[in-house]
Amino acid sequence: MKFPAEPFRIKVVEPITTTTRKQRDKLIEKAGYNIFLLPAESIFIDLLTDSGTSAMSDEQWAGMMLGDESYAGSKNYYHFEETIKNIFGFEHIIPTHQGRVAENLLFSTILKKGDVVPNNIHFDTTRANVEYHKAIALDCVIDEGLDPDSEHPFKGNIDIKKVEEVIKKYGVQNIPLIMITITNNSGGGQPVSMANIREVSTLAKSYNIPLIFDACRFAENCFFIKEREEGYADKSVLEIAKELFSLGDGCTMSAKKDGLVNIGGFLAINDQQLAQKITNMLILIEGFSTYGGLAGRDLEAISRGLKEVLNEDYLLFRINQTRFLGESMIENNIPIVRPIGGHAVYIDAKRMLPHIPQSQFPGQALVVELYREAGIRAVEIGSLMFAHEDEQSGKINYPKLELVRLAIPRRVYTNMHMQYVSEALNQINKKKASIKGLKILYQAQFLRHFTAKLAPVD
Ligand SMILES: *Cc1c(COP(=O)(O)O)cnc(C)c1O
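Fair warning: this is a prediction, and the values are worked out from it, not measured in the lab.

A.B. asks: Report on the pattern of salt bridges, specifying residues and quantitative values.
C.D. replies: All told, the structure shown has 29 salt bridges when counted by the stated rule. Salt-bridge contacts for arginine 127 lead to glutamate 131; the nearest nitrogen and oxygen are separated by 3.2 Å. Residue arginine 127 and its partner glutamate 131 are both found in helix 5 (residues 124-132); the two are separated by four residues, about one turn of the helix. Of the charged contacts in the structure, one is a salt bridge between aspartate 348 and arginine 351, with a shortest N-O distance of 3.5 Å. The exposure class of arginine 351 is partly exposed, given its relative accessible area of 48%.

A.B. asks: Could you give me a rundown of the site of the ligand, with the residues and numbers involved?
C.D. replies: Around the ligand, a shell composed of 14 residues is seen, among which Gly99, Arg100, Asp214, Ser254 and Lys257 lie nearest. In the model, an oxygen atom of the ligand is placed 2.9 Å from a nitrogen or oxygen of the asparagine 185 side chain. Lysine 257 has a polar side-chain atom sitting 2.8 Å from an oxygen atom of the ligand. Contact with the protein chains covers 97% of the free accessible surface of the ligand, which is 380 Å². Considering every element that reaches the shell around the ligand, the biggest residue donor is helix 4 (residues 99-110), with three residues. Residues that form the shell around the ligand fall into these classes: two nonpolar, six polar and six charged.

A.B. asks: Describe the side chain of arginine 24, naming the residues involved and giving the relevant values.
C.D. replies: Positionally, arginine 24 belongs in helix 1 (residues 21-30). Among the polar contacts listed, one links the side chain of arginine 24 to the backbone oxygen of arginine 372, at a separation of 3.1 Å. What arginine 24 contacts, discounting residues up to four positions off in sequence, is Thr19, Tyr371, Arg372, Glu373, Ala374 and Gly375.

Reading the values: rules and limits
Residues numbered from 1 in each chain as written. Predicted model: local features only at pLDDT ≥ 70, side-chain atom pairs only at ≥ 80, totals over all residues. Heavy atoms only, no water. Salt bridge = Lys/Arg side-chain N within 4 Å of Asp/Glu carboxyl O. Helix = DSSP H or I, 4+ residues; strand = E, 2+ residues; numbered from the N terminus. Buried < 20%, exposed > 50% of the residue type's maximum accessible area, 1.4 Å probe, protein only. Near = heavy atom within 4 Å. Polar contact = N/O pair within 3.5 Å; in protein donor to acceptor, adjacent residues only side chain to side chain. Areas by Shrake-Rupley, 256 points an atom, 1.4 Å probe, with all protein chains shown as cover. Nonpolar A, V, L, I, M, F, W, Y, C, P; charged D, E, K, R; others polar. Contact = heavy atoms within 4.5 Å.

Below is the structure:
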């Protein structure tokens, strides 16, 4: 069956508030037309992010009651370690409270000024953590990965030639690691193929450079491999994950994604000396090595979540729910980025609202309209987030794409909710000519999209 029903039934419900258009008009005006400044309680369907927004299972909640809050040697840490070793296969397992701390620990231990880190596309926090150490974060995704119309099945793949050029240009001694982000979040949640990972691994080994995965959505990536890559249809997702991680030397992970929990992360590596250094640093900034900024109960929930995320009924539902939303949008002639990725659908706002120039934030205008029309929260990934003044010419550089991301929390919304989102977009599409652009009234110097205040242009 193409669109299987939710492979779970609902035991606990969390009511969501409905509001009227009039109330939402007031709320969004008060929030300066910025959805980050809205009270979450005024939102009907929240597609701001898939990070930390998952629903935990009865098994996970039961595990929370088995939390062993001993300062050192909690039994939950041993469960956590055993689960991660079994799936990821790495030697040393270091718990952290978020993915970015795993990045921080890794980079502050191995990066020096002027070093270069190739990746398919660095996620924001990864890039920021690399650049914080005065190193260079280089994106080496294949060209298809940057083309919203390309139907390449593995748009997250790394361009091996680009990485080879980087190694030649900067010198092996200045490249302390190569990273691969699975799935490629900043490139639309697109997967990386096993063949590509194997090629990168061979290249990295030939230069003795460690290969580290940013593994936030590893299960979704492995499911795409099973679905799309020759030779994997009959393997289990767990087998695929084991094969994939055997090609690398470690990983960073935010458990807020494929860990199916609301907080947590870890770093896993094979190198014993590196693990020792990182553990010492962990104790300084996060906590002792058997809890790393988490409660024992959190470790238990992650350990159970990592097993559940590999359930193939779940993954089939998960990937198809995202696809279901995307395909119903295609049917209604809403322009989206293709193929549909694992955790989100991206609307091409420039194409949908061609009457709004980039200087008036077409993506944000659509985000605002989605909230006003239907109480849905999406996020702009376009000019509000990325446009910046050129230091020399004073001209404003606009990003190539004006996207609106609808990220889908795991196991939280039903397919009927998705249908509601699709219907809302359909309504908006019919009267899109009346949507107005926005202007900025206030902006911060950095990361302005979080706090900017806007108003509709007259
Ligand atoms: C979310 C994310 C991170 C950072 O994880 P946090 O838990 O938010 O700190 C790093 N890389 C990718 C690809 C992510 O999606």
